[in-house]
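A structural walkthrough
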Amino acid sequence: MRTLKIEPLTKEAFAPFGDVIETDGSDHFMINNGSTMRFHRLATVETAEPDDKAIISIFRAEALEMPLTVRMLERHPLGSQAFIGLLGNPFLIVVAPLGDVPVSGLVRAFVTNGRQGINYHRGVWHHPVLTIEKRDDFLVVDRSGTGNNCDEHFFKEDELLILAPHQ
């Protein structure tokens, strides 16, 4: 099994998979009579159908035991999905490029700096939320509408990956 190298999350490295939601290096302008900086349009909510709605939820995630054997990835073909940590903790991201199925050899892992969120583009393969802390809360912006919006792919035994953030 290949152990994933965990990369720091940057806009450039994550661009094939989605958007990094952060203020560092992002354009802004002043609003509210000059008392507030607006970091505008850091990500775009993608939906497939005109009747789809963008929704906001909170996910409370429990940490998985590490090292983790990555056995599956999922994707949302009908909409994007954004995760913004609410408690300021770094979290892990495991992704694979767009395609009919994820290719094990192209899977990448990232870690946020605790002040970054991410927005998976529509159809990007990713692991379900991976908190580093025992428990963490995430603001999630995604799509609500008709149709199946979650595909899962389970890797064959010789395609399994290891995520070992503490090594």
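Cut-off values and rules
Residues numbered from 1 in each chain as written. Predicted model: local features only at pLDDT ≥ 70, side-chain atom pairs only at ≥ 80, totals over all residues. Heavy atoms only, no water. UniProt positions renumbered as here; feature names shortened; annotations may be inferred. Buried < 20%, exposed > 50% of the residue type's maximum accessible area, 1.4 Å probe, protein only. Helix = DSSP H or I, 4+ residues; strand = E, 2+ residues; numbered from the N terminus. Pairing = 2+ DSSP bridges. Axes fitted to C-alpha atoms, helices over the stretch in contact; angles between N-to-C directions. Phe/Tyr/Trp six-rings, centres within 6.5 Å; stacked < 30°, edge-to-face > 60°.

Under an unreviewed UniProt entry, the name given to the protein is Ureidoglycolate lyase, and the source organism is Pseudomonas rhizophila. If you open the UniProt record of the protein and go to Sequence similarities (unreviewed entry), you find "Belongs to the ureidoglycolate lyase family." For the protein, the Function (unreviewed entry) comment in UniProt is given as "Catalyzes the catabolism of the allantoin degradation intermediate (S)-ureidoglycolate, generating urea and glyoxylate. Involved in the utilization of allantoin as nitrogen source."

1. What about the pairing of strand S8 (residues 72-75)?
Burial along S8 is two-sided: Met72 and Glu74 facing one way and Leu73 and Arg75 facing the other are all buried. Where S8 and strand S16 (residues 151-154) come together, 4 bridges link them in antiparallel fashion. Looking across to S16, one finds that Leu73 is bridged to His153.

2. A look at the sheet that holds strand S6 (residues 53-62)
The 5 strands lie next to each other as S3-S12-S9-S15-S6, forming an open sheet whose pairing is antiparallel. The two strands at the open ends of the sheet, each matched to only one other strand, are strand S3 (18-21) and S6. Strand-to-strand twist across the sheet, computed as the mean angle between neighbouring axes with direction ignored, equals 20°. Inspection of the sheet shows strand S9 (residues 81-85) paired to strand S15 (residues 135-144) by 4 bridges, in the antiparallel sense. What sits directly across from Gly85, in S15, is Phe138.

3. Brief notes about the packing of aromatic side chains
Applying the stated rule across the entire model yields 8 aromatic pairs. Each ring, one from Phe14 and one from Tyr120, has its centre 6.3 Å from the other, and the planes form 50°; the classification is tilted. Taken as a pair, Phe14 in helix H1 (residues 11-14) and Tyr120 in strand S12 (residues 117-120) lie far apart in primary sequence, 106 residues in all. Residue Phe14 is classed as buried on the basis of its relative accessible area, which comes to 0%. The exposure class of Tyr120 is buried, given its relative accessible area of 5%. Joined through ring pairs, the aromatic side chains of Phe14, Phe17, Phe59, Phe83, Phe91, Phe110, Tyr120 and Phe138 make up one cluster.

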